[in-house]
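Each chain, letter by letter, is given below.
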Amino acid sequence: MKFSLTDTTALNQDRSSPQAVTPTGQVHPASQVQHTGNALNTKTLKQIFQLSPIGMTMLDLDGHFLSANQAFCSAIGCLEPDLLARSFGEFTHPEDVSLLRALGEELLQGNRQHFQIETRHWNTNRDPLQVSLTGTLVRDSHQRPLCFLIQVVDLTERKWMEAQLKHHAFYDLLTGLANRFLFINRLEQALVRLDRHRDEQCAILFLDLDRFKAINENLGHTIGDQLLVALSKRLESCIRRCDTLARLGGDEFAILLEDIVGLEDVTTVCDRIQAVLKTPFKLSNQEVFSSISVGVICTTNSTNSTKSASDLLRSVDTALSRAKAQGGACHTIFEETMHQRATALWEIANQSQLAIERQELNLRYQPIIHLATGETVGFEALLRWNHPQHGSISPAEFIPVMEETGVITTIGHWVLKEACYQVCQWQAELLDIPLSININVSPKQFAHPQLVEQVKTVLKETCLAPGQVRLEITENAVMQSLELAKEVLNRLKQLNVSICIDDFGVGYSSLSRLQQLPIDTLKIDRSFIQSINAAGENIEIPRSIIDLASNLGIDVVAEGVETATQLHQLQSLGCPKVQGFYFAKPLTPDAALRFVRDTQPNKATKLPDYL
């Protein structure tokens, strides 16, 4: 049966025909008045139907189109005449067709007056549409079904925006990985499942790129972002589809490994990660090598299995810190003693400001040897801490904590004064033997606005010749802000203080960039020295640094010399100065004084055995 808004015969055929009185007193048949009103209503209804911004269509009882307004035709992408030979189901997602049929049956049976649901459709170009659909059954005056009236509101754009907002809430915009919020949510769900199934296990891997800040500073943030994206793809290749890889922020990533058999599964994943990073990343025509530190915690013991998500993340962060302290490019599995140690270190950091007053701090001095003469030309001052409760604490443990808490600036100032005063005492006894003192300046201390004034004051108080003071600054500390480094170093040079770049070679600077700075000495990082063997292997980097520094008129010190082989190879390369355990461990002030006297060729009766 066809139905049209202009066809009112069926709606009017059973109405009576009483008379009606017009405003002028004339009597007309009511049927004439009713006919006129129906004609106007029909025209108005047709305009409303066609001009409504809401898509509207009429379907016969089998679901075929009878009529459709402009809004509906625009959404579908089809003219009304072309719709009349087709069914509504052709534009409906197959999974929603059966639902609409069931609801239509309920309308026909009188079980409901109308319905409103969200359904999925597509237009003639097969583009997806999501709509809010309202269905009503139109009946004649005898309550016989005539047709279905369907109204649709296009929700496609709104749904897309909602999906985007949801994606942004749960996924990292740069890499497309899960973000911190989603990772924690999945971790909490995993812990709920573990609570129900105690025989199952999971593990968390906390990953952090080594020296990522230096990459950003020296190669640019664009390269840094490209590295993070490329890294995320390599990490994905190391895990299963059921595992969760997330970027927590910056260069921090996390992996949730579920349904693992034991620690062996976790170790396998860690080994895969380190293996895929051996190949350099090719980013914008540059090859970038990168390593990663990994902290690991497993729910394989009763202690870890009862921890909350926040507890586990705090513990795995502790394991990550330990991995970084070991030099990076490795993984460390969390043990409860790590947390106890970390807690103790933070307590120690809070006490460190009192360590000077309590005389818990002291300096040790490692000799710097001139290879051509064998004499001691200076010392590096090294901070030591003997805590009354915790005993001797490694600088690798307390210095990073002091750096992070900011206490290092106070401690560094004390080291500067103590070391300079010590050299004055030595010089009073050695008289004609000049010595220099190398003093380490931490990154936070280097950025402190009072550093230059502190150095100036100490030099004035000790009456020490400025040329005898060498400030050691790490390569990465200098490269964090090249412009700031230039300003600070130039001010220090005005005091005639020597500048030494420590740990050279492990960062991402170059001699061409360092040439812009007033640098006197480069210290080749110990990692390059310790890999040298008798066959002359692994000497390329030391050779390059020594040759280039020589051409630029910069002095060189190789640190970490521990064997005769390393010493002889460095001599063959023309390295002017060295230091390391092969000559002496860090010495007390008195032992250092004796060492100077023993290594003076014109004073000693016998040259040291190592030369």
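About the criteria used
Residues numbered from 1 in each chain as written. Predicted model: local features only at pLDDT ≥ 70, side-chain atom pairs only at ≥ 80, totals over all residues. Heavy atoms only, no water. Helix = DSSP H or I, 4+ residues; strand = E, 2+ residues; numbered from the N terminus. Expected span 1.5 Å × (residues − 1). Buried < 20%, exposed > 50% of the residue type's maximum accessible area, 1.4 Å probe, protein only. Pairing = 2+ DSSP bridges. Axes fitted to C-alpha atoms, helices over the stretch in contact; angles between N-to-C directions. Contact = heavy atoms within 4.5 Å. pLDDT = per-residue confidence, 0-100.

Draft legend 1. How the structure looks around helix α9 (residues 221-236). Between its terminal C-alpha atoms α9 stretches 23 Å, which fits the 22 Å expected from 16 residues at 1.5 Å a residue. Along α9, the residues classified as buried are Ile223, Gly224, Leu227, Leu228, Leu231, Ser232, Arg234 and Leu235.

Draft legend 2. A look at the sheet that holds strand β6 (residues 128-139). As summarised here, the arrangement of the 5 strands in space is β4-β3-β7-β6-β5, forming an open sheet in which the pairing is antiparallel. Looking at the sheet topology across the chains shown, the edges are occupied by β4 (65-68) and β5 (114-122). The sheet shows a mean angle of 30 degrees between the axes of neighbouring strands, taken without regard to direction. Sheet analysis places β6 next to strand β7 (residues 145-154), joined by 9 bridges and oriented antiparallel.

Draft legend 3. Seen up close, the environment of Gly328. Assignment of secondary structure puts Gly328 in the loop between α12 (309-325) and β14 (331-333). In sequence terms Gly328 and Arg211 are 117 residues apart; their C-alpha atoms lie 9.4 Å from each other.

Draft legend 4. Region of the structure containing the sheet that holds strand β9 (residues 244-249). Pairing is mixed across the open sheet formed by 5 strands, whose spatial order is β9-β10-β8-β13-β14. Looking at strand neighbours, the two that pair on one side only are β9 and β14, the edges of this open sheet. For this sheet the average axis-to-axis angle between neighbouring strands, irrespective of direction, equals 20 degrees. Strand direction decides the pairing type here: strand β8 (residues 202-209) and strand β10 (residues 252-258), joined by 7 bridges, are antiparallel. Along β10, the bridge assignment pairs Leu205 with Ile255. Sitting on the sheet, helix α10 (residues 263-276) touches β8, β10, β13 (292-298) and β14, and the angle it makes with β13 is about 170 degrees.

Draft legend 5. A look at the confidence of the model for the protein. Summary statistics for the protein give a mean pLDDT of 84 and a share of 89% for residues scoring 70 or more. Segment residues 1-37: pLDDT under 50, and 42 contacts once partners within four positions in sequence are set aside and those in other chains are kept.

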